[in-house]
Every structure is written in C-alpha cells, then in structure tokens.
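# Examination of the molecular architecture
Chain by chain, the residues run as shown.
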Amino acid sequence: MSEQRTRPVYAVWLIIASVVGWFAAFQLTVEKFFLLENPSDPLSCDISPFIQCSKNLSSWQGEVFGFPNPLLGLTGWMAPLVVGVAILAGARFPRWFWAAFGVGITFAFGLVCWLIGQSLYDLFVLCPWCMVTWAVTIPTFFATMLHLTRNGTFTSKESVRERADTLMPWVPLATVVAYAVIILLAQLQGLDFLGEMAKLIF
C-alpha cells in the first residue's frame, strides 16, 4: 500500500479520533462543572465504586497542570482535526511541522499512559469518558509515528520509510493488543485490590 493511498486513511482517522476525543473531553468538562456546583451529588458517569468519573475529576491527577485535564482535550484535539482535514484537502506540510505535530501526539500519549497508571494503581477507579480518550489516543499515536516515519520526518532512508508504510495496516492489531494489556492490568489490579479488602474484612 503506497503512501498516496494510505494518506487519506490516516487523515480520516485523525478526523474521527478528534471528534470522539473532543466529545469525551466536552462530556468530562460538563461533568466537572456539575461536580463543582454539586460536590455531594453523583455524576451521570458514576456507574460503580470502581467505574466512575467523580474520583478522577476530584483528584490532583485530574488537574495535573493546575486546571482540569479535560480542557487539554478540548483544545488539543483541534490540532489532529485540522491536520486531518488539511491532508484531505491536499495540503503538504514541511518537516518541522510534522516534527512538532509528532511531539504533541507523543505528549498526549505519554500523559494518557501516566493517567492509566494513576487510575489503576493510585485511584483504583476507571473513568468511562477517560477510557474513551485512551481508546482514540493510543491508535492515533501508533499511526502518527508510522506516518512520520514513512513521510520522511524521522528518516530519509527509503527502506525504513517503506517498512513503516507496510506496517501501517497493523495499527489496529497493535491497538487491540494495547487495549488487552490495559484490561489485563485492570483485572490483575482488581484482584489485588479485592485481596487487600478481604484481608481487612477477615
């Protein structure tokens, strides 16, 4: 599959991921406002003690930069949306632009990985809308790293660029594997947490 054929696919994914990610960030922002106005009331995304938004939004991890994390999503997801639309329109960006875009996507991926760890091993809860954000950020990172390799941002070696192009169709499988790892970690942590609770009870 050539880069010319896969560029539209990558662009369409950026648009889809941006819309989904932005919507999740918007929902979290609405929930945050509701929580501030009604601190004692449960949120609509509070499903159980282990699946909820309240604990995440109320924690310091939910405001790691001094303001609610969802605001990062409301602004940050605009960049992939614009890039995706521009690619479909036939735009060509310079190498420095792609490098900066890659830095932004990598930052988002790193932040998501850190938040996953915090949710599993510190807060002991999974936030539904946060998980939606994780679900689109992970494949976006994989696809972007391969795209920046094949378009020459990372290297000018044709063989490496061609290999990255051939690996692009494997992004969905890599994403499923990443999801499976997160689910496994959540299950293992859940078992550990239940074990600790059992020790306290008995």
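Residues numbered from 1 in each chain as written. Predicted model: local features only at pLDDT ≥ 70, side-chain atom pairs only at ≥ 80, totals over all residues. Heavy atoms only, no water.

Where an unreviewed UniProt entry is consulted, the protein chain appears under the name Vitamin K epoxide reductase family protein, with the organism given as Microbacterium oxydans. Its UniProt record, at the heading Sequence similarities (unreviewed entry), says of the protein chain: "Belongs to the VKOR family." Under the UniProt heading Subcellular location (unreviewed entry), the entry covering the protein chain gives this text: "Membrane". (UniProt positions renumbered as here; feature names shortened; annotations may be inferred.)

### Re the pattern of salt bridges
Counting across every chain of the model gives three salt bridges. When the shortest N-O distance is used, the salt bridge between Glu63 and Lys32 registers 2.9 Å. Placement of Glu63 in the loop between α2 (54-58) and α3 (70-76) and of Lys32 in helix α1 (residues 3-37) is noted, with a sequence separation of 31 residues between them. Here Glu63 falls in the partly exposed class, since its relative accessible area comes to 32%. (Salt bridge = Lys/Arg side-chain N within 4 Å of Asp/Glu carboxyl O. Helix = DSSP H or I, 4+ residues; strand = E, 2+ residues; numbered from the N terminus. Buried < 20%, exposed > 50% of the residue type's maximum accessible area, 1.4 Å probe, protein only.)

### Overview of the packing of aromatic side chains
Evaluated as defined, the whole model comprises twelve aromatic pairs. Centroid distance Trp22 to Phe26: 5.4 Å. Interplanar angle 10°. Geometry classified as stacked. Of this pair, Trp22 and Phe26 are both found in helix α1, four residues apart, which corresponds to roughly one turn of the helix. Among the residues examined, Trp22 registers a relative accessible area of 32% and is labelled partly exposed. Considering the side-chain rings of Phe93 and Trp98, the 5.5 Å spacing of their centres and the 80° angle between planes classify their relative orientation as edge-to-face. We classify Trp98 as buried; its relative accessible area is 4%. Members of the aromatic cluster, each reached through a chain of ring pairs, are Phe93, Trp96, Phe97, Trp98 and Phe101. (Phe/Tyr/Trp six-rings, centres within 6.5 Å; stacked < 30°, edge-to-face > 60°.)

### Comments concerning helix α6 (residues 128-150)
For α6, spanning 23 residues, the distance from its first C-alpha to its last is 34 Å, which sits close to the expected 33 Å at 1.5 Å a residue. Buried residues dominate α6, accounting for 18 of its 23 residues. Two residues or fewer after α6 comes Gly152, characterised by a positive phi angle close to 90°. (Expected span 1.5 Å × (residues − 1).)

### Observations regarding the state of the cysteines
Enumeration according to the criterion identifies one disulfide in this entry. Across the disulfide from Cys45 sits Cys53; the S-S distance is 2.2 Å. A relative accessible area of 5% places Cys45 in the buried class. (Disulfide = S-S within 2.5 Å.)

### Considerations on the UniProt feature "domain: Vitamin K epoxide reductase" (unreviewed entry) in the protein chain
The UniProt feature table records "domain: Vitamin K epoxide reductase" (unreviewed entry) at residues 7-148. With 73% helix and 0% strand, the stretch residues 7-148 has end C-alpha atoms that lie 11 Å from each other.

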